[in-house]
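Understanding the architecture of this molecule
These are the residues of each chain, in order.
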Amino acid sequence: RRAAFAALRDVPPVTIDGHRVTVMVNAGLRDDAAALDLTGADGIGLFRTEFQFLVSATLPRRERQHRLYREVLEIAGTRPVVFRTIDIGGDKALPYLKVADAADEENPAMGWRALRLSLERDGLMKVQARALLEAAAGRTLNVMFPMVSEAWEFDEARALFEEQRGWLAGRGKRLPDHVRYGAMLEVPALAEQLDLLLPRLDFLSIGTNDLTQFLFAADRANPKLADRYDWLSSSILRFLRRVAAAATAAGVPIGVCGEMGGRPLEAMALIGVGIDRLSITPAAVGPIKAMIRSLDHGAIVAEMERLLARPPRDMRGALTAWAGERGV
Ligand code: PEP
Ligand code: MG
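Calculation rules
- Residues numbered from 1 in each chain as written.
- Chains lettered and ligands numbered in written order.
- Predicted model: local features only at pLDDT ≥ 70, side-chain atom pairs only at ≥ 80, totals over all residues.
- Helix = DSSP H or I, 4+ residues; strand = E, 2+ residues; numbered from the N terminus.
- Rg over C-alpha atoms; globule rule 2.2 N^0.38 Å.
- Buried ≥ 20, exposed ≤ 12 C-beta atoms within 10 Å, placed from the backbone.
- Contact = placed C-beta atoms within 7 Å.
- Pairing = 2+ DSSP bridges.
- Near = placed C-beta within 6 Å.
- Nonpolar A, V, L, I, M, F, W, Y, C, P; charged D, E, K, R; others polar.

Naming follows an unreviewed UniProt entry, where the protein appears as phosphoenolpyruvate--protein phosphotransferase of Sphingomonas rubra.

On to the overall build of the protein, then. Of regular secondary structure, the protein possesses 14 helices and 8 strands. Relative to a compact globule of 328 residues, whose C-alpha radius of gyration would be 20 Å, the protein shows 20 Å and is just as compact. With the C-alpha coordinates of the protein rotated into their principal frame, the extents come out at 60 × 45 × 35 Å. By the burial criterion, 39% of the 328 residues in the protein qualify as buried. Pairs at least 24 residues apart make up 68% of the contacts formed inside the protein by residues separated by at least 6 positions.

Here we come to the pairing of strand S2 (residues 44-48). With 5 of 5 residues buried, S2 is to be regarded as a mostly interior element. With 3 bridges joining them, strand S1 (residues 22-27) and S2 adopt parallel strand pairing. Bridge pairing links Asn26 to Leu46 in S2. Examined bridge by bridge, S2 and strand S3 (residues 81-84) share 3 bridges and lie parallel to one another. Within the sheet, the bridge partner assigned to Phe47 lies in S3 and is Phe83.

What follows concerns unusual backbone geometry. For Ala114, which is not glycine, the phi torsion reads 50 degrees and is therefore positive. In this structure, Ala114 sits in helix H5 (residues 114-120). If you check the backbone angles, Ala217 has positive phi at about 50 degrees while not being a glycine. You can call Ala217 exposed: it has 9 C-beta atoms within 10 Å.

Turning our attention to the site of ligand 1. Every residue near ligand 1 is listed here: Leu46, Arg48, Asp87, Glu186, Gly207, Thr208, Asn209, Asp210, Cys257 and Gly258. Elements with a minimum of two residues in the shell around ligand 1: S2 and helix H9 (208-215). Ranked by residues supplied to the shell around ligand 1, first place goes to H9 with 3 residues. Partitioning the shell around ligand 1 into residue classes produces 2 nonpolar, 4 polar and 4 charged.

Structure representation (structure tokens):
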């Protein structure tokens, strides 16, 4: 099977009825970028910039950040890279940076982390903004913000980047040709502000790891709950379908960058509810491409429509049977 997946490296993820799906990889360190060539993925859909901070003994200064981003962009070449601004704080505390004390927070996942922290300690994000803007000189910079909960948070984060862009321009620095700004949808509340936010978004990326723990109020790291709520539940799939429809109607590209997209049955369901961009762990690219190439897009869309209208309790069982009958 492994050889069969490797053979898929150079074939595009297209369904049997000709529907193209974008399959990208998640990465976090420089060496992860090599996965692009190994898998033949369409780009890096989630570059977790906090990894550099987490593996470093001291705060990575702007030059070090800049060097990493530059190297990743060079490896990617013409393929897009989506840089997520740092998602630290909460349980990802940094010993050298007194930003948050995990022990002070009862619920670190719902605590002072990600964009919440970045907007308050904006010195960190300003440095990162300059590093990213300079690293992407002469090309397109894709930036996305984690844990956006209300539209104004996205606006503030984008304004901070634009301010830094102006600052660098004033000093005659070479800048990106385009900057595209996206939000992660991983806090359910943001779904209620999409009409406000979509007109200003260049793309939307759903972080299903955090989103599902917040939708079900179930800690993603608690093994006691691991089997209790399924990604293939009608609540999650209906939620995703609604968000996908809103984004698509507004002409905003929508994708999933959580682990859900790296599982064939889950990815099939995502495509069925209108999500055509997946960013997944590199090892999953082969199996996901194989699934897509055996799938009839029109048929899965119709089947998800049918199943979500009157959801069976065992959605996983129903989808497994459907896929089995059709050789997906
Ligand atoms: C997510 O929450 O789904 C996500 C992609 O971000 P992370 O796993 O880094 O929290
Ligand atoms: Mg997340």
